[in-house]
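This is what each chain is made of:
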Amino acid sequence: MNILTYIYNQYLKYKNPDATLGFARFLIRGGLALLGAGVLWSLSINSEIFSLPVEIAVDSSNTSVTGVLMITVGLVMATFRVMTMNSRLTGLLVVHRGMEGMEVTAVQSALPKSFSKGRLDYIDLYEGHQLDQGKVFRPESALKAISNLPRQISSRLGEKASQEVKLAYAGLAPVPFLVAAGYVITSRQKCFVMDFKRGSGWHCLDAIDDGDELCFKNPNQMGNADIGVIISFSAEISEAQLPEGLRDYTYFVGLSNGARADSLNSEGKQLRVSQELYTFLANLKAKHQGIERVHIFMAAQASFSFRLGTIITASVHPAIHVYQYDP
């Protein structure tokens, strides 16, 4: 059933074009076929409606007229529908450009066809001016731009209900900024998250959940004000890479099938794993009575870093610090 549901969802996502435009295309193609067929065929349908004889005939005498009529109706219908769709905002894409060389067009082309049934608008969250050869030299400016995201989303939506406009996010940036973007957008509104793979570009999280379970290793000591959490999903992080003061007070979180580059290419798996991490982080207060801060060191796909931010809740979790790896 999981596989059948997955296939059905993918069909709706990619093969669900607008019905009106689909019928308009059918009329235009049918009209062109009639014009091309010429006098090679004829069609006659005889029927009876309410005891009255009805005959529909298409032959060499009216093939061209019928074809032109079908093409005209199809063009008028398609034009009217496109004008209607372009006047209505149905999709909002947030492009978080926190790495050099990113551009918006590639992200838009990777969105599924069914994402927008009208006009697609986008928010360009650009941090390129705050980078110097991959290093962030103005982090406060980057965070200020990220904290402004909710206001930008609200201003684009105007008085429209969030259910009427689909929201999507595609971002590449240092891990703390991805988490911060997720935190300000939150999980209270449904967001379609995309990911980037080197060599193949942007893609949707269409893989099937492989059932990987989360594995937790407890720290050597308990009861510290500062607790570390290592999350190794795309690459292993060793204890030696941690600050010395946290090495005895750090949890290790991994996947049952080990860390690998594309371990979280399933939207369903990301939602499941993030929910488990939400519960784990919420329960740390009960396990560590004097806990004040949680320090997260994470190796995961950009999409999941954003997803982790959406589940962080200030009223439930301790203060959370997220780090970027500096080689």
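This structure is a prediction, so every number in the text was calculated from the model and none was measured. Note on numbering: residues in each chain are counted from 1, in written sequence order. At least 70 in pLDDT is required for a residue's local features to be given in this predicted model, at least 80 for side-chain atom pairs to be given and counted, and no such filter applies to totals for whole chains, interfaces and linings, which use all residues. As a rule here, side-chain values come from all non-hydrogen atoms in the structure, and water together with hydrogens is ignored.

S.K.: Talk me through the side chain of Ser-232; I want residue IDs and the actual numbers.
M.R.: Secondary structure elements follow DSSP: runs of H or I no shorter than four residues count as helices, runs of E no shorter than two count as strands, and numbering proceeds from the N terminus. With respect to the helices and strands, the residue Ser-232 is situated in strand β11 (residues 226-232). Think of it in three bands: residues with accessible area under 20% of the maximum for their type are buried, residues over 50% are exposed, and the middle band is partly exposed, with areas taken using a 1.4 Å probe on protein chains only. By relative accessible area, Ser-232 is classed as buried at 5%. Identification of polar contacts relies on pairs of N or O atoms within 3.5 Å, with a donor-acceptor requirement for protein atoms, meaning one able to donate a hydrogen and the other able to accept it, and with residues adjacent in sequence counted only if both atoms are side-chain atoms. Reaching out from Ser-232, the side chain makes a polar contact with the backbone nitrogen of Ile-237 at a distance of 3.1 Å. In this description, contact between two residues means that some pair of their heavy atoms is separated by no more than 4.5 Å. If we skip the residues at most four places from it in the chain, Ser-232 touches Ile-237, Val-253, Gly-254, Leu-255, Ala-259 and Ala-299.

S.K.: Explain the sheet that holds β11 to me, using residue names and the numbers behind them.
M.R.: Strand pairing is assigned whenever DSSP detects at least two bridges linking the two strands. Across the sheet, which stays open at both edges, the five strands sit in the order β10-β12-β11-β13-β14 with mixed pairing between neighbours. Taken across any chain shown, the strands that pair with only one partner, and hence form the sheet edges, are β10 (214-217) and β14 (319-323). For this sheet, the mean angle separating the axes of adjacent strands, direction not counted, is 20 degrees. The pairing of β11 with strand β13 (residues 293-299) spans seven bridges and is parallel. Looking across to β13, one finds that Ser-232 is bridged to Ala-299. The angle between two axes is taken between their N-to-C directions and runs from 0 to 180 degrees, where each axis is a line fitted to C-alpha atoms and a helix contributes only its stretch in contact. Taken strand by strand, helix α7 (residues 175-185) contacts β13 and β14, and its axis lies near 140 degrees from that of β14.

S.K.: So, the environment of Leu-35: which residues are in play, and what are the values?
M.R.: Considering the arrangement of structural elements, one finds Leu-35 in helix α2 (residues 19-37). A residue is classified by how much of its surface remains accessible, and Leu-35, at 37% relative accessible area, is partly exposed. Apart from residues no more than four positions distant in its own chain, Leu-35 is found in contact with Ser-64, Gly-67, Val-68 and Ile-71.

S.K.: Explain a nonpolar patch on the surface to me, and be specific about the residues and the numbers.
M.R.: Patch definition: residues with relative accessible area over 30% and no salt bridge; like charges joined within 9 Å; nonpolar side chains (Val, Leu, Ile, Met, Phe, Trp, Tyr) joined within 5 Å. Computed by Shrake-Rupley with a 1.4 Å probe, the accessible areas treat only the displayed protein chains as cover when residues are assessed. Note on definitions: salt bridges are taken to be side-chain nitrogens of Lys or Arg within 4 Å of carboxyl oxygens of Asp or Glu. A cluster of nonpolar side chains, Leu-32, Leu-35 and Val-68, forms an exposed patch at the surface whose accessible area comes to about 250 Å². Looking at where Val-68 falls in the secondary structure, it is placed in helix α3 (residues 63-86). With relative accessibility at 43%, the residue Val-68 sits in the partly exposed group.

S.K.: How would you sum up the nonpolar core? Please name residues and give values.
M.R.: We define the nonpolar core as a collection of buried residues of types Ala, Val, Leu, Ile, Met, Phe, Trp, Tyr and Cys that are connected through side-chain atoms lying within 4.5 Å of one another. Counting residues in hydrophobic clusters, the biggest one holds 37 residues, and the most contacted among them are Tyr-169, Met-194 and Trp-202. Sequence-distant contacts of Tyr-169, defined by excluding residues within four places in its chain, comprise Leu-93, Val-94, His-96, Leu-178, Ala-181, Ile-185, Cys-191, Phe-192, Val-193, Met-194 and Phe-306. Residues Val-175, Ile-291, Val-294 and Ala-300 belong to the second largest nonpolar core, which totals 26 residues.

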